[in-house]
Amino acid sequence: QFWDVNDSIIEDVVASDNVLVSINITGSHDSVVDSTLSDNGAWAGAVITGSHDSIVNSTLSGSWAGAIITGDYNSVVDSTVSHNEYGVRINGSYDSVVNSTLSNNSRYGVRITGSYDVVVDSTLSGNEWAGVAIIAGSNNSVVVDSTLSGNGDGVIIVGYNDSVVDTTLSDNWDGVIVTGYNNSIVNSTLSDNHYYGIVLYNDSGTLITGNIISNNG
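About the cut-offs
- Position numbers for residues start from 1 in each chain and track the written sequence from start to end.
- With pLDDT at 70 or above as the cut-off, local features in this predicted model cover only qualifying residues; side-chain atom pairs require 80 or more to be listed or tallied, and sums for whole chains, interfaces and linings still use all residues.
- As a rule here, side-chain values come from all non-hydrogen atoms in the structure, and water together with hydrogens is ignored.
- Going along the chain from the N terminus, every DSSP run of H or I of four or more residues is numbered as a helix, and every run of E of two or more is numbered as a strand.
- Using C-alpha atoms as the atom set, the radius of gyration is obtained and then compared with a globule rule of 2.2 Å times the number of residues to the power 0.38.
- For every residue, the accessible area (1.4 Å probe, protein chains only) is compared with the maximum for its type, and the residue is labelled buried under 20%, exposed over 50%, or partly exposed between those bounds.
- Note on contacts: a residue pair is in contact if any heavy atoms of the two residues lie within 4.5 Å.
- Any two rings among Phe, Tyr and Trp, with Trp reduced to its six-membered ring, count as a pair given centres within 6.5 Å; such a pair is stacked if its planes are under 30 degrees apart, edge-to-face if over 60, and tilted if neither.
- Lysine NZ or arginine CZ positioned within 6 Å of the ring centre and within 35 degrees of the ring normal marks a charge as sitting over the ring.
- Any carboxyl oxygen of Asp or Glu that lies within 4 Å of a side-chain nitrogen of Lys or Arg is treated as forming a salt bridge with it.
- For the purposes of these results, a polar contact is taken to be a pair of N or O atoms within 3.5 Å, where, inside protein, one atom must be able to donate a hydrogen and its partner to accept one; residues adjacent in sequence count only when each atom of the pair is a side-chain atom.
- Side-chain atoms within 4.5 Å link the members of a nonpolar core, which is a set of buried Ala, Val, Leu, Ile, Met, Phe, Trp, Tyr and Cys residues.

Caption draft 1: Seen up close, the overall build of the protein chain. Assigned secondary structure in the protein chain consists of 0 helices and 30 strands. Computed over its C-alpha atoms, the radius of gyration of the protein chain comes to 17 Å, within 12% of the 17 Å expected for a compact globule of 217 residues. Projected onto the principal axes, the alpha-carbon positions of the protein chain cover approximately 45 × 25 × 25 Å. Among the 217 residues that make up the protein chain, the fraction classed as buried is 54%. Contacts in the protein chain between residues far apart in sequence, at least 24 positions, make up 20% of those at least 6 positions apart.

Set out below in structure tokens:
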């Protein structure tokens with residue numbers, strides 16, 4: 001389904017077994033609410049290229065990506081994203097994942113290549129490569145007030161001016177890996193990870209303050 005509309009609510013949709021994508025939103029101020037998007041093969045449950053759009057209280061599973069967001073000021077809220085290759089891929093800026101559960105995705109729970117993006121109040125577990133990956137070139141993105149456990153790695157930061165704040169990371173391979181510059185890990189708990197709480201590799205200007213780091217390795 002393809003929507004090039006504005007200020008619309010797409011509600012109670014069950015979409016599955018589409019070849020590429022269930023819902024493609026190119027307009028603005030649109031919402032997908034209380035919907036299930038599953039098993040959509042080669043691409044994604046939802047693709048958002050517009051702005052100020054949202055996916056709310058929905059389930060996205062069994063696709064290459066649960067959601068792909070390339071526009072700005074979009075959000076995934078109160079949703080469950082699981083058993084995809086990528087949970088949510090964010091390529092835009094000022095996008096957010098809020099109060100959502102991202103689990104058992106075979107690569108990343110959230111993969112960020114944009115700027116000023118936020119993962120907040122969310123639970124990420126069982127994602128095989130990492131809970132959150134902030135990729136090279138990304139900047140000023142933040143993981144805040146979230147719980148990451150049982151992932152490959154908790155958070156990987158390769159960008160700059162990115163942050164992990166007020167977040168709990170446990171039972172991952174490593175809690176946080178930083179290879180970028182001017183990033184920060186603040187007021188977080190990193191415990192019982194299999195190898196290291198924090199890994200710094202070819203980084204510079206990393207701020208680590210107010211954290212509890214215990215029982216790793």
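Anyway, onward from the coordinates.
Caption draft 2: Up close: the packing of aromatic side chains. One pass over the full model with this rule turns up 7 aromatic pairs. Where Trp64 meets Tyr86, the ring centres are 5.1 Å apart and the plane angle is 65 degrees; that geometry is what we call edge-to-face. Residue Trp64 is located in the loop between strand 9 (59–61) and strand 10 (65–69), and its partner Tyr86 is located in strand 13 (residues 86–90); the two are separated by 22 residues in the primary sequence. Between Tyr73 and Tyr94, the aromatic rings sit 4.8 Å apart at their centres with planes inclined by 5 degrees, giving stacked as the arrangement. Taken as a pair, Tyr73 in the loop between strand 10 and strand 11 (75–77) and Tyr94 in the loop between strand 13 and strand 14 (96–98) lie far apart in primary sequence, 21 residues in all. Judged by relative accessible area, which is 39%, Tyr94 ranks as partly exposed. Through a chain of ring-to-ring contacts, the aromatic side chains of Trp64, Tyr86, Tyr108 and Trp129 assemble into a single cluster. Sitting above the plane of the Tyr86 ring, Arg89 keeps its charged end 4.5 Å from the centroid.

Caption draft 3: Structural view of the pattern of salt bridges. All chains considered together, the criterion is met by 1 salt bridge. Glu85 serves as the salt-bridge partner of Arg107, at 3.2 Å between the closest nitrogen and oxygen. Of the two residues, Arg107 is situated in the loop between strand 15 (101–103) and strand 16 (108–112) and Glu85 in the loop between strand 12 (80–82) and strand 13; the sequence distance between them amounts to 22 residues. Taking the relative accessible area as the measure of exposure, Arg107 reaches 26% and is therefore partly exposed.

Caption draft 4: Quick look at the side chain of Asn183. Positionally, Asn183 belongs in the loop between strand 25 (176–178) and strand 26 (184–186). Within polar-contact distance, the side chain of Asn183 engages the backbone nitrogen of Asn161 at 3.1 Å. With residues near it in sequence (within four places) discarded, Asn183 still touches Ile157, Gly159, Tyr160, Asn161, Asp162, Val178, Gly205, Thr206 and Leu207.

Caption draft 5: Local environment of the nonpolar core. Counting residues in hydrophobic clusters, the biggest one holds 36 residues, and the most contacted among them are Ile55, Val88, Val110, Val119, Val132, Val155 and Val176. Of all the elements in the fold, those that place two or more residues in this core are strand 4 (21–25), strand 7 (44–48), strand 10, strand 13, strand 16, strand 19 (130–134), strand 22 (153–157) and strand 25. Counting 9 residues, the second-largest nonpolar core is a separate cluster that includes Ala44, Ala65, Ala130 and Ala133.

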